[in-house]
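The chain contents come next:
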Amino acid sequence: MPPLTVGFDLDMTLVDSRPGIAAAFRALTERTGVPVDAEAAVSRLGPPLRTEIARWFPPEQVDEAVRIYRGLYPAYAITPTVPLPGARAALDAVRERGGRVLVVTAKHGRLARLHLDHLGLGVDEVAGDLFAEEKATALRAHGATYYVGDHVADMVAAKAAAVPAIAVATGPCSVDELEAAGAAMVLTDLTGFPAALDGMIRLALTQ
């Protein structure tokens, strides 16, 4: 069995960033005068920021809106964000089993690091600005053994990287959607992750 390296998505997998992201979108509205429904935006976290921005801004303004939003993000989005249940224990579980922790996210890598540092969630590597199949590049490069995420696109990423996907139903996607997208296992939240990881390791050792 290869060395244990577990990749995690960030938003709605490790952290509940909805309050902070909503605050950042409201600040974007105040700065630009373009109305953004912040609650609607945070109900569909997962895809890249540009996808959401393009719902509200005309094409010629998207790049500038992304730049402004990312500039506002540290002041508005970091403090309100909290770890999801079981997140700390999940990272500890990987390390207790001699593994490494990788975060692969659609969020800008610098902003992802701000969240992790603020919350004291220590990880070995962060790969940002990646979505769906794009995440497979980082998963393969870092030798990921498993990938954990809350979105159907995370299941696509794991499949593209040829690693088992462990899903958590803490984001916008239902259990049925996650299973249909290829999840090897779906957990209610990360509190069940340590036991699930042991089960996956045992399964791998018998194959």
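Structure: above.
One structure accompanies this document, and this report is about it.

Cut-off values and rules
Residues numbered from 1 in each chain as written. Predicted model: local features only at pLDDT ≥ 70, side-chain atom pairs only at ≥ 80, totals over all residues. Heavy atoms only, no water. Pairing = 2+ DSSP bridges. Helix = DSSP H or I, 4+ residues; strand = E, 2+ residues; numbered from the N terminus. Axes fitted to C-alpha atoms, helices over the stretch in contact; angles between N-to-C directions. Salt bridge = Lys/Arg side-chain N within 4 Å of Asp/Glu carboxyl O. Buried < 20%, exposed > 50% of the residue type's maximum accessible area, 1.4 Å probe, protein only. Contact = heavy atoms within 4.5 Å. Phe/Tyr/Trp six-rings, centres within 6.5 Å; stacked < 30°, edge-to-face > 60°. Core = buried A, V, L, I, M, F, W, Y, C linked by side-chain atoms within 4.5 Å. Parallel < 35°, antiparallel > 145°, perpendicular 65-115°, else oblique. Nonpolar A, V, L, I, M, F, W, Y, C, P; charged D, E, K, R; others polar. Right-handed = clockwise from strand over helix to strand, strands pointing away.

## Comments concerning the sheet that holds strand 4 (residues 100-104)
- Spatial strand order, 5-4-1-6-7-8: six strands in an open sheet with parallel pairing. Strand pairing shows two members of the sheet lacking a second neighbour, strand 5 (125-127) and strand 8 (185-187), which therefore form its edges. Neighbouring strand axes in the sheet, compared pairwise and without regard to direction, differ in orientation by 20 degrees on average.
- Judged from the three bridges that link them, strand 7 (residues 165-168) and strand 8 form a sheet pairing that is parallel.

## Re the pattern of salt bridges
- Summed over all chains, the structure comprises 14 salt bridges.
- We note a salt bridge from Lys-135 to Asp-9, for which the minimum N-O separation is 3.1 Å. Residue Lys-135 is located in helix 7 (residues 133-141), and its partner Asp-9 is located in the loop between strand 1 (5-8) and strand 2 (15-16); the two are separated by 126 residues in the primary sequence.
- For Lys-135, a relative accessible area of 1% gives the class buried.
- The salt bridge involving Arg-55 is made with Glu-52; its shortest N-O contact spans 3.6 Å. With Arg-55 and Glu-52 both in helix 3 (residues 49-56), this residue pair falls three residues apart, about one helical turn.
- On the basis of relative accessibility, which here comes to 9%, the residue Glu-52 falls in the buried class.

## Details of helix 8 (residues 152-161)
- Buried residues of helix 8: Ala-153, Asp-154, Met-155, Ala-157, Ala-158 and Ala-161, and no others.
- For helix 8, the secondary structure elements touched by its buried residues are helix 7, strand 6 (146-149), strand 7 and helix 9 (175-180).
- Just beyond helix 8, the residue with positive phi is Ala-162, at close to 60 degrees.

## Some points on the packing of aromatic side chains
- Per the counting criterion, the structure on display carries three aromatic pairs.
- Put simply, the rings of Phe-25, Tyr-69 and Tyr-73 pair up and form one aromatic cluster.

## Structural notes on the nonpolar core
- Formed by 28 residues in total, the largest nonpolar core has its most connected members in Val-6, Phe-8, Leu-14, Leu-190 and Phe-193.
- Listed by contribution, the elements that provide at least two residues to this core are strand 1, helix 5 (87-96), strand 4, helix 6 (109-119), strand 6, strand 7 and helix 10 (193-206).
- Here this core gets five residues from one element, more than from any other, and that element is helix 10.
- Setting aside anything within four residues of it in sequence, one finds Val-6 in contact with Val-94, Arg-100, Val-101, Leu-102, Tyr-146, Val-148, Phe-193 and Leu-197.
- Of all hydrophobic cores here, the second largest spans 26 residues; its members include Ala-38, Leu-49, Ala-65 and Tyr-69.

## Some words on the packing of helix 5 against helix 10
- It is at 9 Å that the axes of helix 5 and helix 10 come closest, and there the two elements cross at 30 degrees. Taken together, helix 5 and helix 10 sit at an angle that is classed as roughly parallel. Seen from helix 5, the contacting residues are Ala-89, Ala-90, Ala-93 and Val-94; seen from helix 10, they are Phe-193, Pro-194 and Leu-197.
- A per-class count over the contact of helix 5 with helix 10 returns seven nonpolar, no polar and no charged.

## Regarding the pairing of strand 4
- Across the five residues of strand 4, four count as buried, placing the element largely inside the fold.
- In this structure, strand 1 lies alongside strand 4, joined through four bridges in parallel fashion. Bridge assignment links Phe-8 to a residue of strand 4, and that residue is Val-103.
- Pairing of strand 4 with strand 5, which is carried by three bridges, proceeds in the parallel orientation. In the strand pairing of strand 5, Val-103 is matched with Val-126.
- In this view, the connection linking strand 4 to its parallel neighbour strand 5 by way of helix 6 has right-handed handedness.

## Quick word on the environment of Pro-172
- Here Pro-172 lies in the loop between strand 7 and helix 9.
- A residue is classified by how much of its surface remains accessible, and Pro-172, at 35% relative accessible area, is partly exposed.
- Among residues more than four places away in sequence, those in contact with Pro-172 are Ser-43, Arg-44, Leu-45, Asp-150, His-151 and Glu-177.

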